[in-house]
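# Summary of the model geometry
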Amino acid sequence: MQKYLYAFLLLLISNNVHAALNIFACEPEWAALARELAADKADIYSATTALQDPHHIQARPSLIAKARRANLVVCTGAELEAGWLPVILRESGNTDIAPGKPGNFEAAHAVTMLEIPARLDRAEGDVHAAGNPHIQTDARNFLPIARALSARLSELDPANAAFYRSRLQTFTQQWQAAIARWEKQAAPLKGQPIAVQHRGFPYLNNWLELRQVAELEPKPGMEPSAAHLSRVLEQLQRQPAKMVIRAAYQSERPSAWLSEHARIPAVALPFSVGGTDGAKDLFGLFDDTIQRLLVALK
Amino acid sequence: MSRKLYAGAALAALLIHPFNASAASDAELQAIREQISQLKDNYERRIAQLEQRLQQAEANSKSATNSAAQNQVAAQQASRPAAGGEGVFNPAISLILGGTYGNLQQASAPATGFAMNPNPGHEQGFNLGESEIGISASIDPQFRGAATLALDPAGGISVENAFVQATTLGNGFNLKFGRFFSGLGYVNEQHAHAWDFVDQPLVYAALWENQLGEDGVQLKWLAPSDTFIELGAEIGKGRGFPGTDRAKNGSGAGVLFAHAGGDIGVEHSWRAGASLHRARRVAAGSEDVPDLSGNEVTNQFSGDSRTAGLDFVWKYAPDGNTARTNFKLQGEYFRRKESGDLTYDTATTNTTDSYAVTQSGWYLQGVYQFMPMWRAGLRYDSLDPGVAQVGAANAANVISNYGYTPTRTALMLDYSPSEFSRLRVQLAQDKSRQGLTDNQVFLQYIMSLGAHGAHQF
C-alpha cells in the first residue's frame, strides 16, 4: 500500500521537468510575448483566454496548481487581476512568485499609464488607481515591456541570458518594422470618431489617434442598461461615430443594438491573442485589429 | 486668584489708555501720523516686492510644467505601489453591510432529531445581519495577518477570524494560526457574504452550527502537480460545535482534509474533497430536548465525536467567461458518529448511561447566472437523525428513533448591480420539523465597501 502511495507521489512530482523556466502568464498577450522572448526555453501557461473577462476570473484550483510550480508570473498589474491573482499567489505556497520577488513581473510597470483617476471612488465604477490597465492595445508598449521581461528572464535563468538577448534583438527589430507597417496601414483611421463598449481602448486610441466620442457602459465595468443605450444613441445623433468597438470577450448585445439603431458597423476586436481567428500570435493580434478597423471604416 | 487680579488690572489699563491719548497734544498726534505713514510706505514697498517675486515664480513654474510632466512619468513609475489589491490600502480594510427580512410561519427551532445540536435558526421580520469589518495586511516579510470582526446587531463585537499566515515557507506549504474557519468541506471557509443562499445548508446548521471555527493551527500542503492536490491538517481547542471549548493542555479537536481539483477544457472546472473531524465533548449540555414521556428536559453528553465528509463543486461557463453566464453545481455530505455517556434530565432524575448515535445530512444545490448581474439557485437539504443506542438506564427516557427525515427546498434569485452589491429574494419550504412545515420568504441585501479581497473558488 505504502509503495503505491510513494509511486503516486513520485509520479506527481516528476510530472513535468523539461524546460528551464516555468512561466504563468495571466493574459494570453503576455504568454505570447514570453513565447517570442523565451521560445523553447520555457514552459508557458496562460491563465486566461482572450474570450474571458480578465477582471473576473475565478481562482480555480487548476490555476493554483499551475502557480505552485511557476518560476515566473507575468501579469498586466495595475490591479487588473486584483480580484483573483492574490488568492492564487497566496494559496500556491510558492514564495518565488510573491509580489516584489523577481518571479513576479508586472507589465504595467514598464509603460506610461493613461487615465490615472483623479478621484478614487467606487461610484465611478471599476476604476484602477494605477491607471487604465488595458495596455496591450498599443503595439508600441510591447517594446519596453519586452526589454523588461527579457531582462527578467535573464535574471531568473542566467545560463540562457545570451539566448534571451538575441531573441529580444530579433523581436525588437521585427516589432519595430511591424509598427511602421501598422501605422502606415492605419493612417486612414486617424481622427476618426468611434464609440466603445468598455473603456478598454485608450492606448489604442492614443496610438492610432482614434477619437472616442461615446462609451456604452454607464460606468466602467457596469453592463449598459437600455435607458443608457438610448442616451448614447441620442448623443451619437448629435456627434456621429464611424463604428462601435468591443473586445472579443464582451457580450455583443449592446454594440449590436447600437449598430442597428445608429446604423454604424459593430467591430469585435481580438483584444488579446486568440480573440479572433486572425489573432494567432502577437503580430496577428495587431494585423487583425487594424484590418477589422479598416474594414469597418469603408 | 492673585494672577486673575493682575490680569484684570492690565486689561483695565489698556481700556483706559485711549482716553488718555485723546488728551495728548497736537504735536504728539503729528508724530504718530508720520510714524503711521512711514509704516504704510514701508509695507507698500514690501508688498510690491512680493508681487514681483510671485510673478517671476509663476513664469518659472509655467516653463517648468512641460519638463515636470515628463518627470511625472518617471515619478509615477518609481512610486507605484506593489502588486495586489492589498498593496493599495495598507492595511486593507473592508466593511460588509448585510440585512434580511424574513417572513416565517414557524418560530425557529432545531430540526426533528437534532434537538441536542445547536440551532442557528432564522428570525422573523427585519434583521440587521452581522456587519463585518475585515482588516488584513502583510505584517513583515514573514507573516500576513487578517482579522474579521463581526458587529452584532444587538451590540457587541465578536472575533470571527483573527489569524496569522506564514508567507515564506514555500514548497507548497501554508501555515495559519489563530482563529480561522476550518478548511473542511467546501462552504465552511466561505464568509457569510459569499454564501449563495440566505442561510447555510441544513447539514451545516445542524452539524457545525453553520460554520466550524477553530482556535488553533492549520498546515496545508499543495502537491507540485498539474492536478490540484491539497492536503491539510488542523488542531485546535475545539471552540466550535461539536467541540466544547476545552481549556486544558493539548488539543480538543482535530481535522484532516484533502482536496483535488482541475479543469476539463476551458469551460469546466471542479474541486472535490474529503474531510475527517474529531472532537472530544465534555459535559455538553442541551436544553429543551424532548423525551419519551413528551416532556422537554436538559441533557448532558460527554464522549467522542467523529465526523467524515465528502464535498464536490463543478463549475461551467461558456468559453470559461464567468462574467457573462455560468453555472455552479455543488453538494456535500457529512456523517457524524457520537459515542459516550448521556446524562438524562440534569435538573431532576440525572441518570447517566451509555449513548451512541450516527447522524448524517447532505445537500445539493445549483446556481445559474443566466445573464450578467442575475443569478437563480435551487437547493435541496436532507438530514438523517439516525437511531441511537441508548443504555438500559435511559431506555425508557431518551428517544432513540425519531423516524423522520428533515428536508428543505430553497429557491433564490439574486441581482448584483456590481461585484460589491447584491440583493436577493429566497423562498423556502422548510420541513425540518415533523408536522410543522414552514413556508419562508427572505429578502436580503449584502454590500461591501472598502478593500475587497479576492474570493476563493
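### Looking at the nonpolar core
- In this structure, Leu33, Trp175, Trp182 and Ile245 of chain A are the most contacted members of the largest nonpolar core, which totals 62 residues.
- Take this core: its biggest share by element is 8 residues, from helix 10 (residues 282–297) of chain A.
- If we ignore the near neighbours within four places in the chain, the residues touching Trp175 of chain A are Ala139, Phe142, Leu143, Trp182, Leu282, Phe283 and Phe286 of chain A.
- Ranked by size, the runner-up nonpolar core spans 21 residues in total, among them Ala67, Ala70 and Trp84 of chain A together with Phe228 of chain B.

### Some details on the pairing of strand 1 (residues 21–25) of chain A
Residue and element names in this part refer to chain A.
- Of all the 5 residues making up strand 1, 4 are buried; the element is thus mostly covered by neighbouring parts of the structure.
- Pairing between strand 1 and strand 2 (residues 42–46): 5 bridges, direction parallel. Paired with Leu21 across the two strands is Ala42, which belongs to strand 2.
- For the segment spanning strand 1, helix 2 (residues 28–38) and strand 2, crossover handedness is right-handed.
- Relative to strand 3 (residues 72–75), strand 1 is paired through 3 bridges, and the arrangement is parallel. Of the residues in strand 3, the one forming a bridge with Phe24 is Val73.

### Looking at the side chain of Ser131 of chain B
Residue and element names in this part refer to chain B.
- One can find Ser131 in strand 3 (residues 131–138).
- Accessibility expressed as a relative area gives 9% for Ser131, which makes it buried.
- Filtering out sequence-adjacent residues up to four positions away, Ser131 remains in contact with Ile96, Leu97, Leu149, Ala150 and Leu151.

### Description of the environment of Leu151 of chain B
- Tracing the chain through its elements places Leu151 of chain B in strand 4 (residues 143–151).
- Along the chain, Leu151 of chain B and Gly320 of chain B lie 169 residues apart, while their C-alpha atoms are 37 Å from each other.

### What to know about the interface of chain A and chain B
- With 49 residues of chain A at the interface, the matching set in chain B holds 59 residues.
- Interface of chain A and chain B: buried area, both sides summed, is about 4,300 Å²; carbon and sulfur atoms make up 55% of it.
- In terms of surface lost to chain B, no three residues of chain A exceed Pro61, Arg68 and Arg122 of chain A, which account for 15% of the buried area on that side.
- Applying the counting rule to chain A against chain B returns 19 residue pairs in polar contact (both at pLDDT 80 or more).
- When residues of the side of chain A that touches chain B are traced back to their parent elements, those giving at least two are helix 1 (2–13), helix 3 (61–68), helix 4 (85–92) and strand 4 (104–106) of chain A.
- Looking at the side of chain A that touches chain B element by element, the count peaks at 6 residues for helix 3 of chain A.
- Here the side of chain A that touches chain B is composed, by residue class, of 21 nonpolar, 16 polar and 12 charged.

### As for the pairing of strand 12 (residues 326–344) of chain B
- Strand direction decides the pairing type here: strand 11 (residues 296–316) of chain B and strand 12 of chain B, joined by 17 bridges, are antiparallel. The residue bridging Tyr316 of chain B from the neighbouring strand is Phe327 of chain B, located in strand 12 of chain B.

### Comments concerning the sheet that holds strand 2 of chain A
Residues and elements named next belong to chain A.
- The strand order across the open sheet built from 4 strands is 2-1-3-4, with neighbouring strands paired in parallel fashion. Of all the strands in the sheet, the pair left with one neighbour each is strand 2 and strand 4. Direction aside, the axes of adjacent strands within the sheet are offset by 20° on average.

### Some remarks on the packing of aromatic side chains
- Applying the stated rule across the entire model yields 28 aromatic pairs over all chains.
- Ring centres 5.7 Å apart and planes at 80° place the aromatic pair Trp175 of chain A and Phe286 of chain A in the edge-to-face group. Residue Trp175 of chain A is located in helix 6 (residues 161–185), and its partner Phe286 of chain A is located in helix 10; the two are separated by 111 residues in the primary sequence.
- What makes Trp175 of chain A buried here is its relative accessible area of 0%.
- Between Trp207 of chain A and Phe286 of chain A, the aromatic rings sit 5.7 Å apart at their centres with planes inclined by 90°, giving edge-to-face as the arrangement. Taken as a pair, Trp207 of chain A in helix 7 (residues 202–208) and Phe286 of chain A in helix 10 lie far apart in primary sequence, 79 residues in all. Comparing Trp207 of chain A with Phe286 of chain A shows no difference in burial state: the two are buried.
- Chaining the aromatic ring pairs together yields one cluster made of Trp30, Phe142, Phe171, Trp175, Trp182, Trp207, Phe283 and Phe286 of chain A.
- Here the basic side chain of Lys176 of chain B rests over the ring of Phe163 of chain B, its NZ or CZ set 4.6 Å away from the ring centre.
- The residue whose ring lies beneath Arg336 of chain B is Trp208 of chain B, and the NZ or CZ to ring-centre distance is 4.7 Å.

What counts and how
Residues numbered from 1 in each chain as written. Chains lettered and ligands numbered in written order. Predicted model: local features only at pLDDT ≥ 70, side-chain atom pairs only at ≥ 80, totals over all residues. Heavy atoms only, no water. Core = buried A, V, L, I, M, F, W, Y, C linked by side-chain atoms within 4.5 Å. Buried < 20%, exposed > 50% of the residue type's maximum accessible area, 1.4 Å probe, protein only. Helix = DSSP H or I, 4+ residues; strand = E, 2+ residues; numbered from the N terminus. Contact = heavy atoms within 4.5 Å. Pairing = 2+ DSSP bridges. Right-handed = clockwise from strand over helix to strand, strands pointing away. Buried area = accessible area lost by both parts, 1.4 Å probe. Polar contact = N/O pair within 3.5 Å; in protein donor to acceptor, adjacent residues only side chain to side chain. Nonpolar A, V, L, I, M, F, W, Y, C, P; charged D, E, K, R; others polar. Axes fitted to C-alpha atoms, helices over the stretch in contact; angles between N-to-C directions. Phe/Tyr/Trp six-rings, centres within 6.5 Å; stacked < 30°, edge-to-face > 60°. Lys NZ or Arg CZ within 6 Å of the ring centre and 35° of its normal.

Honestly, it's all geometry; don't read function into it.
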